[in-house]
Amino acid sequence: MRDIEQTPEIFWESHYDAMSPISNGIPGKIVVRFSEGLIPGKALELGCGRGDDAVWLAQQGWQVTAVDLSYRAIEYAAANASRSGVNINFERHDLTQTFPSGEFDLIVASFLESPLEFDRAPLFRAAFGHLAPGGLLLITSHGKVPNWSKHVRPFLPASEVLASLGPLPQGWEVQFCDEVSRVMTGPEGQLDEVSDAVVALKRA
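Nothing here was measured: the structure is a model prediction, and the numbers come from that model.

Draft legend 1. Local environment of the overall build of the chain. Counting secondary structure elements, the chain contains six helices and seven strands. Going from N to C terminus, the chain has its helices and strands arranged as α-α-β-α-β-α-β-β-α-β-α-β-β. The globule rule puts the C-alpha radius of gyration for 204 residues at 17 Å, and the 17 Å found for the chain is close to it. Dimensions of the chain along its principal axes, counting C-alpha atoms only, are 45 × 40 × 35 Å. Taken across its 204 residues, the chain has 45% of its residues classed as buried.

Take a look at the structure:
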């Protein structure tokens, strides 16, 4: 039987309990890059954390639904949205069990990863059925990590993230599948070049 201390629910509640409820308010560069040219519609964020991306999307005119496994993360994100003066629909989901209802023009999953065992492919395939015609599914994952990282497991390159999803639904196209480099600042001010594995899929 799995140790209760290692359940995803308890792990992520503990993770956010140890964090400040106040984030830096800066959206992810990949979310900004791939959504800025889109006409705002309905957006869904999978794994919203403290809500920076969701808040930014709402500020751009998107009708945002943001979900997370952690009640604490949703509490922090809702307070972030309130301080920013935007309305966001927050829902708590274990995405391995349930998926938000509705159809969306943009579905974002930024660093929806876990040090615990977590098969993301089925939930990304579930997202296929919730993307509106012409909509975009944007998946950003860790690629090359900084030299001070404690992660011991290698992350998948973008091509393998895409391959893990299996055959795309008919009419879908790959808009982008590659690594995007950036410079990251470490806890002691050190700098290192890292990369993110980005997959952007568009429904015809």
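Once the structure has been displayed, the description carries forward.
Draft legend 2. Looking closely at unusual backbone geometry. The backbone of Phe111 shows a phi angle near 55 degrees, a positive value even though the residue is not glycine. Relative to the helices and strands, Phe111 resides in the loop between strand 4 (104–110) and helix 5 (121–128). Classification of Phe111 by relative accessible area gives partly exposed; the value is 31%.

Draft legend 3. Region of the structure containing the packing of helix 3 (residues 52–59) against helix 4 (residues 71–84). Relative orientation of the contacting elements helix 3 and helix 4 amounts to 30 degrees, with a least axis distance of 9 Å. Viewed along their axes, helix 3 and helix 4 adopt a mutual orientation that is roughly parallel. The two elements helix 3 and helix 4 cross, and the hand of that crossing is right-handed. Only Asn80, Ala81 and Ser84 of helix 4 make contact with helix 3, whose side of the interface consists of Asp52, Val55 and Gln59. Of the residues that constitute the contact of helix 3 with helix 4, the class distribution is two nonpolar, three polar and one charged.

Draft legend 4. How the structure looks around the packing of aromatic side chains. Tallying each qualifying case throughout the model produces four aromatic pairs. Residues Phe34 and Phe176 carry aromatic rings whose centres are separated by 5.3 Å and whose planes lie at 70 degrees to one another, so their mutual orientation is edge-to-face. Here Phe176 lies in strand 6 (residues 173–185) and Phe34 lies in helix 2 (residues 29–35), a separation of 142 residues in the sequence. Each member of the pair, Phe34 as well as Phe176, is classed as buried.

Draft legend 5. Up close: the pairing of strand 7 (residues 191–202). Here strand 7 lies mainly inside the structure; nine of its 12 residues are buried. Where strand 5 (residues 131–142) and strand 7 come together, seven bridges link them in antiparallel fashion. Residue Thr140 lies in a different strand from strand 7, and its bridge partner there is Val198. Sheet analysis places strand 6 next to strand 7, joined by 12 bridges and oriented antiparallel. Bridging from a neighbouring strand, Glu173 pairs with Lys202 of strand 7. The antiparallel hairpin formed by strand 6 and strand 7 contains five residues in its connecting segment, where Gly189 sits at a positive phi of about 85 degrees.

Scoring rules and cut-offs
Residues numbered from 1 in each chain as written. Predicted model: local features only at pLDDT ≥ 70, side-chain atom pairs only at ≥ 80, totals over all residues. Heavy atoms only, no water. Helix = DSSP H or I, 4+ residues; strand = E, 2+ residues; numbered from the N terminus. Rg over C-alpha atoms; globule rule 2.2 N^0.38 Å. Buried < 20%, exposed > 50% of the residue type's maximum accessible area, 1.4 Å probe, protein only. Axes fitted to C-alpha atoms, helices over the stretch in contact; angles between N-to-C directions. Parallel < 35°, antiparallel > 145°, perpendicular 65-115°, else oblique. Left-handed = near helix turned anticlockwise from the far one by under 90°. Contact = heavy atoms within 4.5 Å. Nonpolar A, V, L, I, M, F, W, Y, C, P; charged D, E, K, R; others polar. Phe/Tyr/Trp six-rings, centres within 6.5 Å; stacked < 30°, edge-to-face > 60°. Pairing = 2+ DSSP bridges.

Remember that the coordinates give geometry; whether it matters functionally is a separate question.
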